[in-house]
Amino acid sequence: MGPKYLRLLKYMLLSIGLCKICAAQNDITVSVFTVTSKSMTVRWTGHSGASSYKVTATPKNSPDTPVFKQFSGNTVMGSVNSLMPNTVYTMRVDAMDSVNVLSSAVTEEITAPEVPTIHQAYSKQSDSITVEFGEVSGASSYILRAQTLDGEFFSETEVNKSNRTVINLQPYTVYSLNVMSVNTGGRSQPSLPVLTRTVVESPALNTTSPSNDTIHVSWEPVEHAVLYSLCIIMEGSETRVKLNTTDTAHTFTDLEPGTTYCIKGTAWDSDGNMGEDRTICQITRPTSPLEVAVSLTPGRTLGMAVSWSEVRGADVYLANTSTYQNCSSNVENYCLITSLYCGQNLSVTVTAHNQAGPSSPSQPEEFITFPCPPESVWVEEAEAGMCSVMWGDVDFADFYIAYVKRDDGSEERCNTTDTVCHFRCLCGFTFFPTVFAYNQAGPSLPGPVLNYTTIPCCPEDVTVSLVSTETLDITWSAVRGAELYETIAADQRDVIHCNDTAPVCALSDLSCNSRYSVVVRPCSEIRGCNNTCRAHTQETAPCAPEILNITQTSESGVLVQWSAANTEANYTVSAVGRTDSFSCHSTGTACEITGLPCGATYELSAYARTTAGRSLPSYSHTLETEPCCPKSLTVEQVTQAMTQVSWSAATGARSYVTSLTSPKGQAKCHTMDMHCTMGCITCGTNYTVTLEAISKTGHKRECSYLGFSSSACCPSSVKLYRMANNTLRVYWRSSDSLHNHLADLYGTSSNYTCTPPMGSNYCDVSEIVCGEVYTVVVAPLAQDGTKITFCPRRMYSVSCSGNTLGMVIYRGKRSVD
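Position numbers for residues start from 1 in each chain and track the written sequence from start to end. Residues qualify for local features only when their pLDDT is at least 70, as the model is predicted, and side-chain atom pairs are given and counted only at 80 or more; totals for whole chains, interfaces and linings, by contrast, use all residues. Only hydrogens and water are set aside when side-chain values are computed; all heavy atoms of the structure are taken into account.

**So, the overall build of the protein**
Then comes step 1: Each helix is a run of DSSP H or I of at least 4 residues and each strand a run of E of at least 2, with the numbering of both proceeding from the N terminus. Helix and strand content of the protein: one helix and 69 strands.
Then comes step 2: On C-alpha atoms alone, the protein measures out to a radius of gyration of 79 Å, which is more than a quarter above the 28 Å that the 2.2 N^0.38 rule sets for 817 residues.
Then comes step 3: In terms of its C-alpha atoms, the protein occupies a principal-axis envelope of roughly 225 × 120 × 50 Å.
Then comes step 4: Type-normalised accessible area, obtained with a 1.4 Å probe on protein chains alone, sets the label of each residue: buried when under 20%, exposed when over 50%, and partly exposed for intermediate values. In the protein, which comprises 817 residues, the proportion classed as buried is 44%.
Then comes step 5: In what follows, a contact means two residues having at least one pair of non-hydrogen atoms within 4.5 Å. Summarising the internal contacts of the protein: among those between residues at least 6 apart in sequence, 58% fall at separations of at least 24.
Then comes step 6: Only carbon and sulfur atoms are counted for the fraction: they give 50% of the accessible area of the protein, which is about 43,400 Å².
Then comes step 7: Asp and Glu count as negative and Lys and Arg as positive, but His and the ends of the chain are not part of the count. We put the charge of a Lys on NZ, of an Arg on CZ, of an Asp on CG and of a Glu on CD. In the protein, 53 positive and 76 negative side-chain charges are present, and the distance between their average locations comes to 19 Å. Values of the radius of gyration come from C-alpha atoms, whereas the globule rule sets the reference at 2.2 Å times the count of residues to the power 0.38. The protein chains shown are the only cover counted for residues, whose accessible areas, like all others here, come from Shrake-Rupley with a 1.4 Å probe.

The structure is reproduced here in structure tokens:
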């Protein structure tokens, strides 16, 4: 023995020792393992110190002697025999050593009932065996055991009493059968076996009824069968027909139509044992229906009623036409065919049906259907308001009726043998023509219902008005049949469209000074637009003129010129100011506005007018007349070469240009003030005085005034000479000899004046006081005798020489005071 097996042995011994140690720790217990009619087997737990076990069976409530049996110390299960069936025993197990009882355990159980005895076992079905046995006392049920001799099949079936059947067996097979009785304790030993063979299978009959007086029976060969028996009986009859055959088919003839027959088939084995039987019922086919009649169904649907006499054994009847329409009934002896085709000559047959199949068809009945409805139907409108509904010829039709219904509910009817009917078709209506064909069978189904809509009516109260210079407003009353209105305005250059569902339209952005032809066309989705409506003419307002030029023709007049493409138009030009307005008129392209005041501003525009209306005004132009001249103007000489010009305010003037003009030259001054200082004036010269008033936009007005003459020239080279007798001579040079001069000497204590004759260039002043500084001024006299005040002054110092004049010394010039 190798090390591997030694280790395994050690483990086993160790396990046994542990089990004994555990068992020694508790008392033994006992339970019944199994019972039979005369034995009971118990099992117990081992005791560590026991060398043997004693099992004692003591009948309870019985004076019978107890039965016991001794077992070795290594045993834990044992049986006690020679017991009484169906008896309660107290089973006691004592664990003992060589002297004492170490531990005990007790339980109770009843033995099984007595073993039953099989009286007989027989098979009438190929898959079962019935067992009859004697019932025993105390048994609550029984176990039927069946098994094949080769042991491949084994079954146990629990039953409650005798004469019970074991099922799920195989045909023509030998089985060994036993019976065991059962109570709460267990089951008895099996009874003595009985061998029984199951019978052969029944033939699987298949039946048909080829005709209404025959039934054909057939079956597959049955294994182990050598002969077959058939028995047929009519339902409700006691008469039977029996036959034996080795074939697997047979036909029964001369039977009643529509009658149910039941056929029982049995197979026999080679030992002459009758096998399982099987019964099948078959009904023969019904006879053909008689008294078949065909009639029209009431109403407008295309159908017919088929009736017949009742046939025995029929479950359902089927009526067929030669055009493959049919109807059926399983209750009444009539049915309705509603899906007939029109325009046909039909034959109708009826067959009766049951589970066996149909009967032969009945004798055919002839039937003519309604004519077909006209397939091709159309409407023609040869002229407005007169229509014709037309259709193609229909087979089997004798005459036609056409119905024309209008959408307002009215209807026309036409009866004709022709294929056309005429009717009035006013504008704006929808018509629904339908045509029926008739023959002796009645009317056809309705033909196609046409939907013919006439063209919408033309509006009669169309009003076209010019609501602005280039916009036409067109209104009218809604008309029948119109879903949309198309308004068209056309002139020689373009076409304007307006589509709307409302009976009003505004056509804008038209050409000015144009004659438009306006047509309102009512339209419908089905028929389109009515192109026969009358046109209306409307002229648009003239085109607005365009001012090309404005020319001032006079102080109070302007010429206005414009361009315009209007024909036969009158033009008006308006000048509108803040407080007044002026205008002029013309049929041409220019006119003059007169009487305009100076210094005024006007908005100038022009418009044209024709019989159609007035145009839009032209673009405005600002007209500004020439400014007014100042009412007064004065010229004042300030110095010999400078003047001061002043004037009154001028309406419309913003700036002024003042001019002093002479052959010797011109002086100008441009100012926004109402005065101006001008230099470079030549003394002793006659000047022309003019003033140009200028507006803020540059308009100018020339104003002329009285001339201005500058003063005489101041003498030059003024000198002072000492003369005798305390007299001083004043000398000068003069530019002309046409003016008188005046010489003045101004001293601190005395002043002196001398006036020489005209043309003289000196004068003497006597009785001069010496020792003075004198200012000497020589000035010409104006024509009115006044002295010119702006001539220069010279200073001289006059010393004394004793009582007379001394030296005269020039001290220089000084400005005018």
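**What about the sheet that holds strand E2 (residues 40–44)?**
Then comes step 1: Spatially, the three strands line up as an open sheet ordered E1-E2-E5, and their pairing is antiparallel. Here the strands that pair on one side only, and so sit at the sheet edges, are strand E1 (30–35) and strand E5 (77–80). Averaged over neighbouring strand pairs, the angle between their axes works out to 30° when direction is ignored.
Then comes step 2: Where E2 lies against E5, four bridges are found, and the strand directions are antiparallel. Note that in E5 the partner of Arg 43 across the bridge is Met 77. A strand pair is defined by DSSP finding two or more bridges across the two strands. Geometry is summarised by axes, namely lines fitted to C-alpha atoms with helices restricted to the contacting stretch, and by angles between N-to-C directions that run from 0 to 180 degrees.

**Observations concerning the state of the cysteines**
Then comes step 1: Note on terminology: pairs of cysteine sulfur atoms within 2.5 Å are recorded as disulfides. Across all of its chains, the model carries 18 disulfides by this definition.
Then comes step 2: Across a sulfur-sulfur distance of 1.9 Å, Cys 327 and Cys 335 are joined as a disulfide pair. Judged by the torsion about the S-S bond (55°), the Cys 327/Cys 335 disulfide is right-handed. When sorted by exposure, Cys 327 lands in the same class as Cys 335, which is buried.
Then comes step 3: Between Cys 754 and Cys 763 runs a disulfide, and the two sulfur atoms are separated by 1.7 Å. No difference in accessibility class separates Cys 754 from Cys 763, as the two residues are buried.
Then comes step 4: No disulfide involves Cys 231; its sulfur sits 10 Å from the nearest other cysteine sulfur, which is in Cys 262.

**Quick word on the layout of surface pockets**
Then comes step 1: Considering only enclosed or pocket space, the largest pocket measures out at about 360 Å³ in volume.
Then comes step 2: Here the lining of the largest pocket is composed, by residue class, of six nonpolar, 11 polar and two charged.
Then comes step 3: A cavity here means a set of points on a 1 Å grid, drawn over the protein atoms and nothing else, where a 1.4 Å probe fits but cannot get out; a pocket is an open set with protein on both sides within 12 Å along at least five of seven lines, and a residue lines either one if it has an atom within 4 Å of a point. Grid points are joined across faces, edges and corners, and a volume is the space filled by probe spheres set on the points. Of the pockets and cavities examined, the second largest pocket occupies roughly 240 Å³.
Then comes step 4: The set of elements that each furnish at least two residues to the lining of the second largest pocket consists of strand E17 (225–234), strand E18 (240–245), strand E20 (260–269) and strand E21 (274–283).
Then comes step 5: Among the elements that take part in the lining of the second largest pocket, E20 stands out by supplying five residues, more than any other.
Then comes step 6: Here the term charged refers only to Asp, Glu, Lys and Arg, the term nonpolar to Ala, Val, Leu, Ile, Met, Phe, Trp, Tyr, Cys and Pro, and the term polar to all other amino acids, Gly among them. A per-class count over the lining of the second largest pocket returns seven nonpolar, three polar and four charged.

**Quick word on the environment of Arg 197**
Then comes step 1: Here Arg 197 lies in strand E14 (residues 194–197).
Then comes step 2: Its relative accessible area of 38% is what places Arg 197 among the partly exposed residues.
Then comes step 3: Separated by 25 residues in sequence, Arg 197 and Tyr 172 have C-alpha atoms that sit 6.0 Å apart.
Then comes step 4: Arg 197 has contacts with Ser 123, Tyr 172, Thr 173 and Val 174, leaving out every residue within four places of it along the chain.

**Focus on the sheet that holds strand E63 (residues 727–733)**
Then comes step 1: With antiparallel pairing, the three strands of this open sheet are ordered in space as E62-E63-E66. Looking along the sheet, the strands with just one partner apiece sit at the ends: strand E62 (716–723) and strand E66 (762–765). Between one strand and the next, the sheet's axes are offset by a mean angle of 20°, whatever the strand orientation.
Then comes step 2: Note: E62 against E63, six bridges, orientation antiparallel. Its bridge partner being in E63, Ser 716 is matched across the sheet by Arg 733.

**Remarks on the environment of Ala 569**
Then comes step 1: With respect to the helices, strands and loops of the structure, Ala 569 is situated in the loop between strand E47 (557–563) and strand E48 (570–576).
Then comes step 2: The sequence separation of Ala 569 and Ser 586 amounts to 17 residues, and the corresponding C-alpha distance is 8.9 Å.

**Some thoughts on the side chain of Glu 486**
Then comes step 1: Looking at the secondary structure, you find Glu 486 in strand E40 (residues 484–490).
Then comes step 2: The definition of a polar contact used here is a pair of N or O atoms within 3.5 Å, where within protein one atom must be able to donate a hydrogen and the other to accept one, and adjacent residues in sequence count solely through side-chain atom pairs. There is a polar contact of 2.6 Å between the side chain of Glu 486 and the side chain of Arg 521.
Then comes step 3: In this structure Glu 486 touches His 497, Cys 498, Asn 499, Val 519, Val 520, Arg 521, Cys 523 and Cys 529, once residues within four positions along its chain are discounted.

**Examining the pattern of salt bridges**
A side chain of one charge can pair with a side chain of the opposite charge if their charged atoms are brought near each other.
Then comes step 1: For this document, the term salt bridge refers to a Lys or Arg side-chain nitrogen within 4 Å of an Asp or Glu carboxyl oxygen. Scanning the model with the defined rule gives 12 salt bridges in all.
Then comes step 2: Between Glu 156 and Arg 145 there is a salt bridge, and its shortest N-O distance comes to 2.7 Å. Linking Glu 156 in strand E11 (residues 154–159) with Arg 145 in strand E10 (residues 141–148), this pair joins segments that are 11 residues apart in sequence.
Then comes step 3: Assessed through its relative accessible area of 18%, Arg 145 is described here as buried.

**Quick notes on the packing of aromatic side chains**
Then comes step 1: In this scheme Phe, Tyr and Trp rings, the latter by its six-membered ring, pair at centre separations within 6.5 Å, and the angle between planes marks the pair as stacked below 30 degrees, edge-to-face above 60, and tilted otherwise. Throughout the structure, instances matching the rule amount to 19 aromatic pairs.
Then comes step 2: Both rings, one in Phe 423 and one in Phe 431, keep their centres 5.6 Å apart while their planes meet at 55°; by these two values the pair is tilted. Exposure class is identical for Phe 423 and Phe 431. Each is buried.
Then comes step 3: Ring geometry for Phe 582 versus Tyr 602: centroids 5.7 Å apart, planes at 80°, classification edge-to-face.

**Here we look at the environment of Asn 244**
Then comes step 1: Structurally, the position occupied by Asn 244 is in strand E18.
Then comes step 2: Counting along the chain gives 21 residues from Asn 244 to Gly 265, while the straight-line C-alpha distance between them is 9.7 Å.
Then comes step 3: If we ignore the near neighbours within four places in the chain, the residues touching Asn 244 are Leu 227, Tyr 228 and Ser 229.
Then comes step 4: A polar atom in the side chain of Asn 244 sits 2.6 Å from the side chain of Ser 229.

**Observations concerning a nonpolar patch on the surface**
Then comes step 1: Surface patches are defined over residues having more than 30% relative accessible area and no salt bridge, joining like charges when they lie within 9 Å and nonpolar side chains (Val, Leu, Ile, Met, Phe, Trp, Tyr) when within 5 Å. On the surface, a nonpolar cluster with roughly 260 Å² of combined accessible area is contributed by Phe 33, Val 76 and Met 77.
Then comes step 2: Note that Val 76 resides in the loop between strand E4 (67–72) and E5.

**Re unusual backbone geometry**
Then comes step 1: For Phe 396, which is not a glycine, the phi torsion comes out positive at approximately 65°.
Then comes step 2: For Phe 396, the location among the structural elements is in the loop between strand E31 (385–391) and strand E32 (399–406).
Then comes step 3: Even without glycine at this site, Asp 509 takes up a positive phi of about 60°.
Then comes step 4: Position of Asp 509 among the secondary structure elements: in the loop between strand E42 (504–507) and strand E43 (515–524).
Then comes step 5: Look at Asp 509 and you get exposed, because its relative accessible area is 62%.

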